[in-house]
Number of protein chains: 2
Amino acid sequence: MSQPDPAAMNWSTENCTIGRAMAILGERWTVVVLREIFNGIRRFDQIHDHAGTPKQVLTNRLAMLCDMGVLVRHPYREPGERERHEYRLTAMGFDVYPVLVAVREWGDRYLADLEGAPAAMLHRDCGASVGVHLVCAAGHHIDSPHDVVTTPGPGARAAALPRTRDA
Amino acid sequence: MSQPDPAAMNWSTENCTIGRAMAILGERWTVVVLREIFNGIRRFDQIHDHAGTPKQVLTNRLAMLCDMGVLVRHPYREPGERERHEYRLTAMGFDVYPVLVAVREWGDRYLADLEGAPAAMLHRDCGASVGVHLVCAAGHHIDSPHDVVTTPGPGARAAALPRTRDA
């Protein structure tokens, strides 16, 4: 007997905010550039030198992140040099931080070299390692994805794509 | 007076696990495919139909995610059809979930349409909305990235890239 389609097949993905967020975040260099800026490395040449981001890629990513409202350009001038810009996080950019922490935690667990993680994120007050927890708005800590139900939200749209099977 | 280089300039990015994780996650379709699979949409044709992932891209992403140990192929056979495969999360794949939740939360806040988020992730037990919190290993909830210090970890390497300025 044929398995019924998963319920999620009925909801459209066209306005999925994970998809939209990853269209911004969704490529190694974009997140790497944000990592640099969170680490105080805010200038084009510094990012290029430190992260090895190719110049043309860096130019494109910084322009996109400014256009999308994640970064703003801030002018500075070193003595005897022309005015340049550094890049600062907007509130929207600042709020990417939990994504970065979640990505780092997963990377540390599965992708670190034998000697261990290259960096640690520590709580300034107590020095303990920082990670993300799943928590609900009622304050319950959630241990497993199995304890989370994904349902259509206020902006859910019916799936409209052509169905090539079982149509 | 010239601003001193940020301290993070001294650590290498070559073994950065955020960079490595984003080399896997770092492109819209990869995370979209994982979103589908977390929603129970595990078959090639289903993902193609539902998410609109182009077939060649979907083939590539599924193969990469299997190669990297994020997904495993599991055979199934519908009556009268040839054996096909569905894709299931490994433990490594399962652990991507907080990244997905963090990305969704950020996307919902900044990228949703006026009618609101397309989907909701709810705590199965109480129905409250699920998100990520920054928490340290000592159990303190952390309200701001300013309360987190990033320092070299056990696997930190000295930065080795050529410095084009201030060298």
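Structure first, text after, so check above.
In short, a report on the structure. Position numbers for residues count from 1 along each chain, tracking the sequence in the order it is written. Throughout, the order in which chains and ligands are written sets their labels, letters from A for the former and numbers from 1 for the latter. Where local features are concerned, this predicted model is filtered to residues with pLDDT of at least 70; where side-chain atom pairs are given and counted, the filter is 80 or more; whole-chain, interface and lining totals use all residues.

1. Topic: the relation of the copies chain A and chain B
Alignment of copies: least-squares fit on C-alpha atoms of residues with pLDDT of at least 70 in both copies. Aligned on chain B, chain A shows an RMSD of 0.0 Å; the corresponding rotation is 180 degrees and the shift along the axis is 0.0 Å. Such values leave the two copies arranged in the relation of a two-fold axis. Residues are treated as contacting if the C-beta atoms built from their backbones sit within 7 Å of each other. Take the interface residues of chain A: 99% of them recur as interface residues in chain B, which is what a same-surface contact looks like.

2. A few points about the interface of chain A and chain B
Counting from both sides, the interface comprises 97 residues of chain A and, opposite them, 96 residues of chain B. Of the residues forming the side of chain A that touches chain B, the biggest block, 14 residues, is contributed by helix α6 (residues 97-111) of chain A. We call two strands paired when DSSP finds no fewer than two bridges between them. We count a stretch as a helix when DSSP gives it H or I for four or more residues in a row; a strand needs E for two or more, and each element gets its number in order from the N terminus. Two strands pair when backbone bridges link them, and strand β3 (residues 119-123) of chain A and strand β6 (residues 148-152) of chain B are joined in this way by five bridges, in the antiparallel orientation. Each bridged residue has a counterpart across the sheet, and for L122 of chain A the counterpart in β6 of chain B is V149 of chain B.

3. Topic: the sheet that holds strand β5 (residues 141-142) of chain B
The strand order across the open sheet formed by four strands is β5(A)-β4(A)-β4(B)-β5(B), and the pairing between neighbours is antiparallel. Lying at the two open borders of the sheet, with one neighbouring strand each, are β5 (141-142) of chain A together with β5 of chain B. Bridging between strand β4 (residues 130-136) of chain A and β5 of chain A involves two bridges; their strand directions are antiparallel. Bridge pairing links L134 of chain A to I142 of chain A in β5 of chain A. An axis is simply a line fitted to the C-alpha atoms; with a helix, the fit covers only the stretch in contact. Between two such axes, the angle follows the N-to-C directions and lies from 0 to 180 degrees. Together, β4 of chain A together with β4 (130-136) of chain B form the strand contacts of helix α6 (residues 97-111) of chain B, whose direction differs from that of β4 of chain B by roughly 110 degrees.

4. Regarding helix α4 (residues 55-67) of chain B
Residues and elements named next belong to chain B. To estimate the expected span of a helix, count its residues, drop one, and scale the result by 1.5 Å. For α4, with 13 residues, the first-to-last C-alpha span of 18 Å sits near the 18 Å given by 1.5 Å per residue. Taken as a whole, α4 has its buried residues at L58, R61, L62 and L65. Along the long axis of α4, the arc covered by the buried residues comes to 100 degrees, so they all point the same way. Relative to its buried face, α4 has exposed residues pointing more than 90 degrees away, namely Q56, A63 and D67. Where the residues of α4 are buried, they touch α2 (28-38), α3 (44-51), β1 (71-76) and β2 (84-89). To assign burial, the other C-beta atoms lying within 10 Å of each residue's own C-beta are counted, with C-beta atoms placed from the backbone; 20 or more indicates buried, 12 or fewer indicates exposed, and intermediate counts indicate partly exposed. In this description, one arc is meant: the one made by directions from the helix axis to the C-beta atoms.

5. Quick notes on α3 of chain B
Residue and element names in this part refer to chain B. With six of eight residues buried, α3 lies mostly within the body of the structure. Packed against the buried residues of α3 are α2 and α4. With its phi angle positive at about 75 degrees, G52 sits one or two positions after the end of α3.

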